[in-house]
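Inside the fold
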Amino acid sequence: AGVFVIFFITGVIPALQGASAEVSRASAEIDVAAFDWLRTRTAPDAVVVGIPADGHAIAALGERRPVVDADFLALPDAEERYADVLSVFTSPYVTNVVDVLGKYGAEYVFVSPAAQRDFDIGGLPAVGPCLREVFRNDAVIYRSKCEVQS
């Protein structure tokens, strides 16, 4: 019994504290207000571009369809989708971003704290009259108002 108590104090309690800290950090990463905004201010059939790691949260918390989520690799066009999504976060040209959004029928871009960290950005590098910031908190949401004509 004494060995169990020592194991519990030295092993289990620190592990629980570490797990609790990870859950707190992950919860802090979720901008509840941003997902509320998506859910209440966008059409129910709206499509949203976000990084793959945010896809499930966009679907579950924002109740909107993401272009990619963590399971996108099962899609036949996975490589192309991934490259397109990355270009939304890295392209300095609004026309490129709007073209990608149009390709997937997306009207919104969700820039989470994780995306900001991954791409070392505070928001999208390409903004303008066609691509406007519509929400900012920890996450930033943009809306596209234009289409690229081919």
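The structure reproduced in this document is the subject of the present report. Note that the structure is predicted; figures quoted are calculated from it, not measured.

**Brief notes about the sheet that holds strand β4 (residues 131-136)**
Picture the strands of a sheet paired through backbone hydrogen bonds; they go either parallel or antiparallel. Strands sit in the order β2-β1-β3-β5-β4 across an open sheet of five strands; the sheet is mixed. Of all the strands in the sheet, just β2 (65-66) and β4 have a single pairing partner and so form its edges. Judged from the five bridges that link them, β4 and strand β5 (residues 140-144) form a sheet pairing that is antiparallel. Each bridged residue has a counterpart across the sheet, and for leucine 131 the counterpart in β5 is serine 144. Against the sheet, helix α4 (residues 78-90) touches β1 (47-49) and β3 (108-111), its axis set at about 75° to β3. Contacting β1, β3, β4 and β5, helix α5 (residues 94-103) crosses the sheet at an angle of about 75° to β4.

**Focus: the nonpolar core**
Residues Val49, Val67, Val88, Phe89, Val109, Val111 and Leu124 are the most contacted members of the largest nonpolar core, which totals 25 residues. Among the elements of the structure, β1, α4, α5, β3, α6 (113-119) and β5 are those that each provide at least two residues to this core. Looking at which element gives the most residues to this core, the answer is α4, with four residues. Membership of the second largest hydrophobic core comes to 12 residues, among which are Phe35, Tyr108, Phe110 and Ile141.

**Overview of the side chain of serine 112**
Structurally, serine 112 can be placed in the loop between β3 and α6. At 3.1 Å, the side chain of serine 112 and the backbone nitrogen of alanine 115 are in polar contact. Here serine 112 is in contact with Ile51, Asp54 and Ala139, once residues within four sequence places are set aside.

**Some thoughts on the packing of aromatic side chains**
For the structure on display, the rule yields five aromatic pairs. Judged by centre distance (5.7 Å) and plane angle (15°), the ring pair of phenylalanine 72 and tyrosine 82 falls under stacked. Of this pair, phenylalanine 72 sits in the loop between β2 and α4 while tyrosine 82 sits in helix α4, and the two are 10 residues apart along the sequence. Residue class for phenylalanine 72 comes out buried when judged on its relative accessible area of 8%. Between the aromatic rings of phenylalanine 89 and phenylalanine 119, the centroid separation amounts to 5.2 Å while the plane-to-plane angle is 5°, which identifies the pairing as stacked. Of the two residues, phenylalanine 89 is situated in helix α4 and phenylalanine 119 in helix α6; the sequence distance between them amounts to 30 residues. Ring pairing ties together the aromatic residues Trp37, Tyr108 and Phe135, which thus form one cluster.

**A closer look at the state of the cysteines**
For the structure on display, the rule yields one disulfide. A sulfur-sulfur distance of 2.1 Å marks the disulfide that ties cysteine 130 to cysteine 146. The S-S bond linking cysteine 130 to cysteine 146 shows a torsion near -80°; that makes this disulfide left-handed. One end of the pair, cysteine 130, is in the loop between α6 and β4; the other, cysteine 146, is in the segment after β5, and 16 residues separate them in sequence. On the basis of relative accessible area, cysteine 130 is assigned to the partly exposed category, the value being 23%.

Conventions and cut-offs
Residues numbered from 1 in each chain as written. Predicted model: local features only at pLDDT ≥ 70, side-chain atom pairs only at ≥ 80, totals over all residues. Heavy atoms only, no water. Pairing = 2+ DSSP bridges. Helix = DSSP H or I, 4+ residues; strand = E, 2+ residues; numbered from the N terminus. Contact = heavy atoms within 4.5 Å. Axes fitted to C-alpha atoms, helices over the stretch in contact; angles between N-to-C directions. Core = buried A, V, L, I, M, F, W, Y, C linked by side-chain atoms within 4.5 Å. Buried < 20%, exposed > 50% of the residue type's maximum accessible area, 1.4 Å probe, protein only. Polar contact = N/O pair within 3.5 Å; in protein donor to acceptor, adjacent residues only side chain to side chain. Phe/Tyr/Trp six-rings, centres within 6.5 Å; stacked < 30°, edge-to-face > 60°. Disulfide = S-S within 2.5 Å.

No statement about biological role is implied by the geometric values presented.
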